[in-house]
Amino acid sequence: MLDIKSLKITSDHQFLDAKNHITPYISIQLQKIYPDVLKGKKNVIDKLLKLITRFPKVPVFKNYLTTAYMVQERKEKGYEANRWLSKEHPDYLFGKTNLSNEYLDKDQPEKVPEVLGIDLNLQLLYPEREQFHEDEVMAFYIVVVRYLIAVGEYDQAEIVSKMLKEINPLHPKINALDTVITDGIFKKMQNSHEEELAFKRTVKAVDRKKERQTTIKPTFNYPEQIDYLYTSDLPLATERIDELLALDKTKLGEDLILVLKDSIERFDYFYELSEKNGWDEDIYSAPIHSLFFLCEIQHPEALTQILDILRQDEDYVEFWFGDIMGEILPASIYFQGKDQLDILFNFIKEPNVSAYSKDAVISAMAIVPYKEPHREEEVVTYFKNILTFYIKHNDDETIADTDFMAFMVSSIASSHRKELLLLIKMLFEKDAVNYWISGKFEELEQHFNEKTELKSPVTLCSNSVKEMYQLYKVNWIDQQLEDFEDKEDSLFNPTFLPNYEDKDDYLYNPLLEEDEDDYYYNDEPVVKDKKIGRNDPCPCGSGKKYKKCCINTGKYE
């Protein structure tokens, strides 16, 4: 494909007049009728037919006829008019681009090269010409971008789009180009998502909490101090942290374990409370507080309880942890389980446990060689055994989860231990790994070969509860606020506003233009926005549920 910038391009609006048989009188007629074409006036088609009869050599009138039908939502008549245009004026570029757009609209991309040339090269399509109008270049290559997207050549489409913007970033067709690219990205994501859904295998955690429900609050050793965890958002006030840490460590550890157990056994109680009174971070942060404290107050029975919460179903995890489970759990698992790797290994092999819960354990195991380099061989041996186990049980629907395999091989890749590559390759060959998450095997192999310093697999890992709160604030709360502010700023970015400067340009591509009146005016009745439910997606676009994102900001009330 020719470098577009090498074309000789002009923006002179009279450049094509002679070629298209446009006299000053015809130019005036075109300028007069063009606004009526865009507004979809009923009598404009009759006017155009009369002008076509009077000036049969002028292709622009037939192009306007195509446009008029399209504006009036008479697509088939528009296609018919353009085929007439293409037959009468076979060299007219806009007839070719319109015909190519028709093929793309009808999901027939294979026909586009028959019209635009197999090389998709404007110069080769018109070898006798030394110069092209800017609008011709834009129209031709915007269709090329559509075609490339239709055949899955997204990277090439981006390259062509970038070259067009370098020619004239303010050209009115750039808005159409951005729409084409955005639609293409959406289509790519949609196709990729559909392929992923067809490929992936998911293990769902079973409901293990149903028979354990109660409304009775646990009996704590330190009820007054533990109540801080049930009435405080993250992070906990420093003076309250100090007060808790001053208590007997063994008894405090027992209470922290009870908090985790309580999150399971009173799940229905807390869920119904949230449905009745709304989401309140002060009430529903107790398990996270407990996990942070257990990083410092290590207790021999804590690991058993932490693994118990990891066995719970999606409803439990979503309610208490949401998207931050992978950030919160690994540190607690590491500090409680670093000397009990056999227990973690056996948990990884359990059936009917979600990918995200097992990933938290893998991340915790990956912390071990980072914190304790002398134990690297020990951990690598466990990883070998885990990979071998999953190769053997790839057909077990209660075990084999393609997302977990992706999480696991990504974590293992950071170890750069090449002896694990063969086992990972076997998993890929068995279609056991969701490569939409991990990347393909070749990408992982390249990562294994890179000589980089071993990094912590998690950002939140400290045996100081105060440091855990600080890390959480910096890496989660502050980042969320920053992302939210960025989204607010983008709403007022002037580069997103449409450009209508050259509406009188008569070289018009009907399939890539907007009706100006339709843009500014809408006769549809205004409907009051539906109230946002706490479990609905957050309107800020973060992808999280409303209750886990902006519910307390008041932004969308």
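Above this note sits the structure.
Keep in mind it's a predicted model, so treat the numbers as computed, not measured. (Residues numbered from 1 in each chain as written. Predicted model: local features only at pLDDT ≥ 70, side-chain atom pairs only at ≥ 80, totals over all residues. Heavy atoms only, no water.)

### A closer look at the overall build of the protein chain
Here is the rule we go by: The way it works is that DSSP assigns letters per residue, a run of H or I at least four long becomes a helix, a run of E at least two long becomes a strand, and they are numbered from the N terminus. Per-residue accessibility, obtained with a 1.4 Å probe over protein chains only, is compared with the maximum for each type, and a residue is labelled buried under 20%, exposed over 50%, and partly exposed between these values. Calculation of accessible area relied on Shrake-Rupley with a 1.4 Å probe; when residues are assessed, cover is drawn exclusively from the protein chains displayed.
For the protein chain, the helix and strand inventory stands at 27 helices and 2 strands. By the burial criterion, 49% of the 557 residues in the protein chain qualify as buried. Accessible area of the protein chain: about 28,600 Å², with a carbon and sulfur share of 49%.

### Focus: the packing of aromatic side chains
For clarity, the cut-off: Ring pairs shown here join Phe, Tyr and Trp side chains whose ring centres sit within 6.5 Å, with only the six-membered ring taken for Trp; geometry is labelled stacked below 30 degrees between planes, edge-to-face above 60, and tilted in between. The rule is short: NZ of Lys or CZ of Arg within 6 Å of the ring centre and within 35 degrees of the ring normal puts a charge over the ring.
Tallying each qualifying case throughout the model produces 33 aromatic pairs. Pairing Phe140 with Tyr141 gives two aromatic rings, centres 4.8 Å apart and planes at 80°, and the pair type is edge-to-face. Tyr141 carries the same exposure label as Phe140, and that label is buried. Between Phe345 and Tyr382 the ring centres are 5.8 Å apart and the planes differ by 55°, which places this aromatic pair in the tilted class. Residue Phe345 is located in helix H19 (residues 341–348), and its partner Tyr382 is located in helix H21 (residues 376–392); the two are separated by 37 residues in the primary sequence. Look at Tyr382 and you get buried, because its relative accessible area is 13%. Among the aromatic side chains, those forming a connected cluster through ring pairs are Phe220, Tyr230, Phe267, Tyr269, Phe270, Tyr271, Trp279, Tyr284, Tyr316, Phe319, Trp320 and Phe321. Over the ring of Tyr126 we find Arg129; its NZ or CZ atom is 5.6 Å from the centre of that ring.

### Structural notes on the state of the cysteines
Here is the rule we go by: Criterion for a disulfide: a pair of cysteine sulfur atoms within 2.5 Å.
Overall, the coordinates contain 0 disulfides when judged by the stated rule. Among the cysteines around Cys295, which has no disulfide bond, Cys461 carries the closest sulfur, lying 7.0 Å off.

### A short note on the side chain of Glu134
Worth spelling out the cut-off: Charge counting treats Lys and Arg as positive and Asp and Glu as negative, with His and both chain ends excluded. Basic side-chain nitrogens of Lys or Arg form a salt bridge, by our definition, when they fall within 4 Å of a carboxyl oxygen of Asp or Glu. Counting of polar contacts relies on pairs of N or O atoms within 3.5 Å, with two restrictions inside protein: one atom must be capable of donating a hydrogen and the other of accepting it, and residues adjacent in sequence are counted only when both atoms are side-chain atoms. Residue contacts are defined here by distance: any two heavy atoms, one from each residue, within 4.5 Å place the two residues in contact.
Take Glu134: it is sitting in helix H8 (residues 134–150). For the buried Glu134, no salt bridge exists, and the shortest N-O distance to an oppositely charged side chain is 9.4 Å, to Lys173. Here the side chain of Glu134 touches Asn168 through a polar contact of 3.1 Å, side chain to side chain. Residues in contact with Glu134, not counting those within four places in the same chain, are Ile9, Thr10, Ser11, Ile167, Asn168 and His171.

### With respect to the nonpolar core
Here is the rule we go by: Among the buried residues, those of types Ala, Val, Leu, Ile, Met, Phe, Trp, Tyr and Cys that are joined through side-chain atoms within 4.5 Å form a nonpolar core.
In terms of nonpolar packing, the biggest core is built from 101 residues, with Phe292, Phe293, Leu310, Leu329 and Ile333 touching the most fellow members. Those residues in contact with Leu310 that lie beyond four places of it in its chain are Met325, Leu329, Ile333, Phe347, Val353, Ser357, Ala360 and Val361. Among the nonpolar cores identified, the runner-up in size contains 33 residues, and Leu104, Met138, Tyr154 and Leu164 belong to it.

### Quick look at the packing of helix H15 (residues 286–296) against helix H18 (residues 325–337)
How two helices pack is summed up by the angle between their axes together with the distance between the axes. Under the convention used in this document: Axis geometry follows a simple rule: fit a line to the C-alpha atoms, using only the stretch in contact for helices, then measure angles between N-to-C directions, giving values from 0 to 180 degrees. Should the near helix be turned counterclockwise from the far one by less than a right angle, the crossing is left-handed, whereas a clockwise turn marks it as right-handed. Under the convention adopted here, Pro, Cys and the residues Ala, Val, Leu, Ile, Met, Phe, Trp and Tyr are nonpolar, Asp, Glu, Lys and Arg are charged, and Gly plus all remaining residues are polar.
Two elements in contact, H15 and H18, have axes whose closest approach is 8 Å; the angle formed by their N-to-C orientations is 40°. The chirality of how H15 crosses H18 is left-handed. Residue-level contacts link Ile288, Leu291, Phe292, Leu294 and Cys295 of H15 to Ile328, Leu329, Ala331, Ser332, Phe335 and Gln336 of H18. Of the residues in the contact of H15 with H18, the class split is 9 nonpolar, 2 polar and no charged.

### Comments concerning the environment of Ile33
Tracing the chain through its elements places Ile33 in helix H1 (residues 24–39). Each C-alpha atom, one on Ile33 and one on Val44, is 7.5 Å from the other, the two residues being 11 residues apart in sequence.

### Brief notes about helix H4 (residues 75–88)
Formally: The span one expects for a helix is its residue count, reduced by one, times 1.5 Å. Starting at the helix axis, one direction is taken to each C-beta atom, and the arc is that of these directions.
Taking 1.5 Å as the rise per residue, H4 with 14 residues should run 20 Å; its terminal C-alpha atoms sit 20 Å apart, in good agreement. Turning to H4, its buried residues are Gly78, Tyr79, Ala81, Asn82, Leu85 and Ser86. Projected down its long axis, H4 shows its buried positions confined to an angular sector of 160°, all on one face. Turned more than 90 degrees off the buried face of H4, the exposed positions are Glu76 and Lys87.

### Observations regarding empty space enclosed by the protein
Note the following rule: Lining residues are those with an atom within 4 Å of a point, where the points come from a 1 Å grid over the protein atoms alone and group into cavities, where a 1.4 Å probe fits but cannot get out, or pockets, open sets with protein on both sides within 12 Å along at least five of seven lines. Grid points are joined across faces, edges and corners, and a volume is the space filled by probe spheres set on the points.
Per the counting criterion, the structure on display carries 3 cavities of 30 Å³ or more. What the second largest cavity holds in volume is close to 60 Å³. Lining the second largest cavity we find 10 residues, and of these Leu16, Asn20, Tyr92, Leu93 and Glu136 sit closest to its centre. Looking at the lining of the second largest cavity residue by residue, the classes come out as 5 nonpolar, 1 polar and 4 charged.

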